[in-house]
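One letter stands for each residue in the lines below.
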Amino acid sequence: MRIAVLSGKGGTGKTMVSVNLSAATKKSTYIDCDVEEPNGHLFFKPVGINEEEVSVLIPEVDKEFCNGCKKCVDFCKFNALAYVKDSLIIFEDICHSCGGCVLLCPEKALTEKEKVIGMVQKGMSDQVEVFTGILNPGEPSGVPIINRLLDENKSENKPGNKSESEQMTFIDCPPGSACIVMESIKDADYCILVAEPTLFGVYNLNMVYELVTLFNKPVGVVLNKCLEGENPAEKFCLEKGINVLTRIPFDKELGLLNSNAEIAVRKSEKYRTIFTSLLDTVKKEVHHETAFNS
Amino acid sequence: MKQLLILSGKGGTGKTTIASAFIKLNGAKAYADCDVDAPNLHLITKQISEPKKEDYYGLPKAEINTDLCIECDQCRQNCRFEAILKDEKYEVDYYACEGCGVCELVCPEGAVALKPAAAGELMLYASEGEVFSTAQLKMGSGNSGKLVTEVKKQMKTASKNAEFAIIDGSPGMGCPVIASLSGVDMVLVVAEPSISGISDMVRIINTAANFGVRIAVCINKYDTNTENSEKIESFCKEHRLSFLGRIPFDVDAVEAINNGRTIVDIDCTSGEAVKAVYDRTLKLLFEGGG
Amino acid sequence: MIIAVPVDEKNIKSRVCVSFGRTPYFLIYDTDSKEDKILDNSAAASAGGAGIKAAQLIADNKANILLTPRLGEKAADVLKAAKIAIYKTTNASAKENIDAFIAGKLSLLDEIHKGFHGHGG
């Protein structure tokens, strides 16, 4: 069972919710897909870390064969190639690894080599298997890292291996609604949207809600940092008929635990109860959806 | 034109809340929202006029003409982005397509062509000598430094005589941030006193330092974790960064925002604190020194 | 010697454009024949890597000198490889900057900013 946790914007408590849900589950996997700013590992402090580099393919030129026809330069939509003074210059961090120049080169002067763009870390934190994707600064796209994270998780949870539907995986998505978020939720069975009780929160919730509906994903909202008085995000959910999974009140204790990168369910009985009950709600929702769709 | 950029490394630190307060305090004649993924500034700076809208085109996307397609499968086999779908007919996954043109290159029948694709919308509000430039990226259009550059260019062109501009930056570390940094005179980093907030702050400061821009820091919601707030201050001291003040967590601030007002429109503790940060920021920007 | 200058308008009296990669036009001036011509900058519409493409364009037009107020890192790499010298412009028009260069009054551009990495998609 794969649960993606998203929010239209950073800082709503997306990581807090996914980290605590993972920690509240008996045995689970937590995947940090926020590869530009992975923060989940700061909470889990996983041990026994296993690192693997992630590479993409980029072109390499053999000057012997290059005759300066410039077909590759003209073809590259990303302008990653230039040809001056009888030599081809390749800008690796602009290249999108489409392979077009290699296909095109009439002299077969271009081949491909691997270039490291970041890594995937795996470790354990109590009963939680923690996957972290880290994109090197300045790299154009974290999508290859996210794909690797999700593929590794899938291959570990082969159907029939252990009952796949029982193994819980929580995906901490990048903020926003860009293509990198779409990659993260592609294979999710259910999406949890985390929203703040502000006007900004509503605007951002609406964006990410449109995204998950575009992908036909079943969805529920966690209202975070709730204060007394009117909650524009809750009003929005009512109007749109979106299921509210739980309301987490604004609480200094949670804020402090969180800002010190502590996992609330491991420190506080109160939060263990809150997240265990949220977990039950989510599981029921997913079963309901599966029954409904089959 | 002096340009102040407000940045935060990650979202949710109160960057927009502080930017909107600065705009109000300054009566700014030029301002922009460079958070093109999730723009929020327009929600709080009341705009009376309708914006001038313009489509923004990113990279073109592939389109298959199924009348010409002979289903040779070349495009699908050569696409590195898994963007060619084969159902009853061949189709391009609009969101996966990066517009590289490989499918067009390999198609023996000329059935694939790259077509312009609107990736977002640029908006310009101009009234009473005030210019506000903003944009909204379409879903799944990827982070675009180019759109951020367009937002800033639009602001500059429309407000040639403004002395001072306030720019609400993009969150994260990627290319939109790099694009928002270019050409600014000073960066104000809004930090949050949490372990992850500090880690994000350090990363954004390192990025900004590459540009040789003057960097100042303030802390928002400092009282939610005073210990971490002290860590941020000593980090600034150690690295000789101007520290411009602390803003407390304030329930009234949430209410002000929900009513579409800035925190300096009402009488509240966070509003008072942000005024002090504002005064120090302008002093530093226009008089230099520290 | 051939001089290239990014310009806002299609004439030699135009202001120098502040963006090298996304300038609408380049002015190409030949110091021997004293003739000038205008090139459309095909790089301006690129989603990313505009500076690289613009550098390729002026290299293809055999420029030896570029006058510009600022420049990205990657464009600078291409120009360096093409052995094109880069001088920093003043606030004056393209014509005045060309005259100032010929009179030896412009200095080399030494401040190269990190590019914008304007990736689309």
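Residues numbered from 1 in each chain as written. Chains lettered and ligands numbered in written order. Predicted model: local features only at pLDDT ≥ 70, side-chain atom pairs only at ≥ 80, totals over all residues. Heavy atoms only, no water.

1. Comments concerning the overall build of chain B
When helices and strands are counted, chain B shows nine helices and 13 strands. Once the C-alpha set of chain B is aligned to its principal axes, its extents read approximately 70 × 45 × 35 Å. The buried share of chain B, taken over its 290 residues, is 60%. Of the roughly 12,000 Å² that chain B leaves accessible, carbon and sulfur atoms contribute 45%. For chain B, the separation between the mean place of its 31 positive charges and that of its 40 negative charges on side chains is 6 Å. (Helix = DSSP H or I, 4+ residues; strand = E, 2+ residues; numbered from the N terminus. Buried < 20%, exposed > 50% of the residue type's maximum accessible area, 1.4 Å probe, protein only. Areas by Shrake-Rupley, 256 points an atom, 1.4 Å probe, with all protein chains shown as cover. Lys, Arg positive; Asp, Glu negative; His and termini not counted. Charge placed at Lys NZ, Arg CZ, Asp CG, Glu CD.)

2. What about the pairing of strand 5 (residues 87–90) of chain A?
Direction of pairing for strand 4 (residues 81–84) of chain A relative to strand 5 of chain A: antiparallel, over a ladder of four bridges. Looking at strand 5 of chain A, one finds that Ala 82 of chain A is bridged to Ile 89 of chain A. (Pairing = 2+ DSSP bridges.)

3. Some remarks on the pattern of salt bridges
One pass over the structure, following the stated rule, counts 26 salt bridges over all chains. Among the ionic pairs, Lys 74 of chain C bridges to Asp 93 of chain A, the shortest N-O distance being 3.4 Å. In this pair, Lys 74 of chain C is assigned in helix 2 (residues 73–81) and Asp 93 of chain A in the loop between strand 5 and helix 4 (100–104), connecting two distinct chains. On the basis of relative accessibility, which here comes to 13%, the residue Lys 74 of chain C falls in the buried class. Among the ionic pairs, Lys 115 of chain B bridges to Glu 63 of chain B, the shortest N-O distance being 3.2 Å. With Lys 115 of chain B in strand 7 (residues 112–115) and Glu 63 of chain B in strand 4 (residues 61–64), this residue pair connects regions lying 52 residues apart in the sequence. Owing to a relative accessible area of 43%, Glu 63 of chain B belongs among the partly exposed residues under this scheme. A cluster of three or more residues bridged by salt bridges with shared partners is formed by Glu 52, Lys 122, Arg 148 and Glu 152 of chain A. (Salt bridge = Lys/Arg side-chain N within 4 Å of Asp/Glu carboxyl O.)

4. Structural notes on the domain arrangement of chain B
The assigned domain composition of chain B is domain 1 (2–53 + 120–287) and domain 2 (59–116). Relative to domain 2 of chain B, the C-alpha centre of domain 1 of chain B lies at a distance of 41 Å. (Domains from an automatic or database assignment.)

5. As for the sheet that holds strand 10 (residues 164–168) of chain B
Residues and elements named next belong to chain B. The mixed open sheet is built from nine strands, whose spatial order is 3-8-9-2-10-1-11-12-13. Lying at the two open borders of the sheet, with one neighbouring strand each, are strand 3 (52–57) and strand 13 (242–247). Averaged over all pairs of adjacent strands, the angle between their axes in this sheet comes to 20°, without regard to strand direction. Bridging between strand 2 (residues 30–33) and strand 9 (residues 130–137) involves three bridges; their strand directions are parallel. Along strand 9, the bridge assignment pairs Tyr 31 with Phe 132. Contacts from helix 7 (residues 226–238) reach strand 11 (186–191), strand 12 (214–220) and strand 13 within the one sheet, and its direction differs from that of strand 12 by about 170°. (Axes fitted to C-alpha atoms, helices over the stretch in contact; angles between N-to-C directions. Contact = heavy atoms within 4.5 Å.)

6. A few points about the pairing of strand 7 of chain B
Residues and elements named next belong to chain B. Residues of strand 7 alternate between two faces, with Val 112 and Leu 114 buried on one and Ala 113 and Lys 115 left unburied on the opposite face. In this sheet, strand 7 lies alongside strand 4 in antiparallel orientation, the contact comprising four bridges. Bridging from a neighbouring strand, Glu 63 pairs with Ala 113 of strand 7.

7. Some details on the packing of helix 6 (residues 195–209) of chain B against helix 7 of chain B
All names here are of chain B. Orientation of helix 6 relative to helix 7, taken along the N-to-C sense of each, is 15°, at an axis distance of 10 Å. In this view, helix 6 runs roughly parallel relative to helix 7, as classed from their interaxial angle. You can see that helix 6 and helix 7 cross each other, and the crossing is right-handed. Where helix 6 approaches helix 7, its residues Ile 195, Ile 198, Met 201, Val 202 and Ile 205 are matched on the opposing element by Asn 228, Lys 231, Ile 232 and Phe 235. Residues that form the contact of helix 6 with helix 7 fall into these classes: seven nonpolar, one polar and one charged. (Parallel < 35°, antiparallel > 145°, perpendicular 65-115°, else oblique. Left-handed = near helix turned anticlockwise from the far one by under 90°. Nonpolar A, V, L, I, M, F, W, Y, C, P; charged D, E, K, R; others polar.)

8. Things to note about helix 9 (residues 252–259) of chain A
Residue and element names in this part refer to chain A. Leu 254, Leu 257 and Ser 259 are the residues of helix 9 that are buried. A side-chain oxygen of the first residue of helix 9 lies 3.0 Å from the backbone nitrogen of Glu 253; this N-cap is Asp 251. Directly after helix 9, the chain includes Ala 261, whose backbone phi takes a positive value near 55°. (Polar contact = N/O pair within 3.5 Å; in protein donor to acceptor, adjacent residues only side chain to side chain.)

9. Some words on the environment of Gln 121 of chain A
All names here are of chain A. Tracing the backbone shows Gln 121 in strand 6 (residues 110–125). Classification of Gln 121 as buried rests on a relative accessible area of 12%. Each C-alpha atom, one on Gln 121 and one on Leu 149, is 9.0 Å from the other, the two residues being 28 residues apart in sequence. The residues contacting Gln 121, other than those within four sequence positions of it, are Ile 49, Asn 50, Glu 51, Val 130, Phe 131, Thr 132 and Ile 134. Polar side-chain contacts of Gln 121 include one of 3.0 Å to the side chain of Glu 51.

10. A look at the sheet that holds strand 7 (residues 128–135) of chain A
All names here are of chain A. With mixed pairing, the nine strands of this open sheet are ordered in space as 3-6-7-2-8-1-9-10-11. Unpaired on one side and paired on the other, strand 3 (47–61) and strand 11 (243–249) mark the two borders of the sheet. Each strand of the sheet is rotated relative to its neighbour by a mean of 20°, with strand direction disregarded. Of the pairings in the sheet, the one linking strand 2 (residues 28–32) to strand 7 comprises five bridges and is parallel in character. Residue Ser 28 lies in a different strand from strand 7, and its bridge partner there is Val 128. On the sheet, helix 8 (residues 232–240) packs against strand 9 (190–195), strand 10 (219–226) and strand 11 and is oriented at approximately 160° with respect to strand 10.

11. Considerations on empty space enclosed by the protein
All names here are of chain A. The tally for this structure, following the rule as stated, stands at seven cavities of 30 Å³ or more. When its volume is computed, the largest cavity comes out at roughly 140 Å³. Along its surface, the largest cavity is lined by 16 residues, and Pro 59, Cys 76, Cys 95, Cys 98 and Cys 101 are the ones closest to its centre. Here the element with the most residues in the lining of the largest cavity is helix 4; it accounts for three residues. In terms of residue class, the lining of the largest cavity is built from eleven nonpolar, four polar and one charged. (1 Å grid on protein atoms, 1.4 Å probe; cavity = no way out; pocket = protein on both sides within 12 Å on 5 of 7 lines; lining within 4 Å. Points joined across faces, edges and corners; volume = space filled by probe spheres on them.)

12. Observations concerning the packing of aromatic side chains
One pass over the structure, following the stated rule, counts ten aromatic pairs over all chains. Between Tyr 94 of chain B and Tyr 95 of chain B, the ring centres sit 5.5 Å apart and the planes meet at 85°, which makes this aromatic pair edge-to-face. Relative accessible area serves as the criterion here: at 30%, Tyr 95 of chain B is assigned to the partly exposed category. Taking the centre distance of 4.9 Å and the plane angle of 65° together, the rings of Tyr 87 of chain C and Phe 101 of chain C count as edge-to-face. Of this pair, Tyr 87 of chain C sits in strand 5 (residues 85–88) while Phe 101 of chain C sits in helix 3 (residues 94–102); the two residues are 14 residues apart in sequence, bridging distant segments of the chain. We note that Tyr 87 of chain C, like Phe 101 of chain C, is buried. (Phe/Tyr/Trp six-rings, centres within 6.5 Å; stacked < 30°, edge-to-face > 60°.)

13. So, the interface of chain A and chain B
In this assembly, 42 residues from chain A lie in contact with 52 residues from chain B. Of the roughly 4,200 Å² buried between chain A and chain B, counting both surfaces, carbon and sulfur atoms make up 61%. Where chain A meets chain B, there are two salt bridges. Residue Asp 35 of chain B is joined to Lys 9 of chain A by a salt bridge in which the shortest nitrogen-to-oxygen separation is 3.2 Å. Counting the contacts that link chain A with chain B gives 17 residue pairs in polar contact (both at pLDDT 80 or more). Of all the elements in the fold, those that place two or more residues in the side of chain A that touches chain B are helix 4, helix 6 (179–185), helix 7 (199–214) and helix 9 of chain A. The dominant element in the side of chain A that touches chain B, judged by the number of residues it contributes, is helix 7 of chain A, at eight residues. Residue composition of the side of chain A that touches chain B, grouped by class: 23 nonpolar, 13 polar and six charged. (Buried area = accessible area lost by both parts, 1.4 Å probe.)

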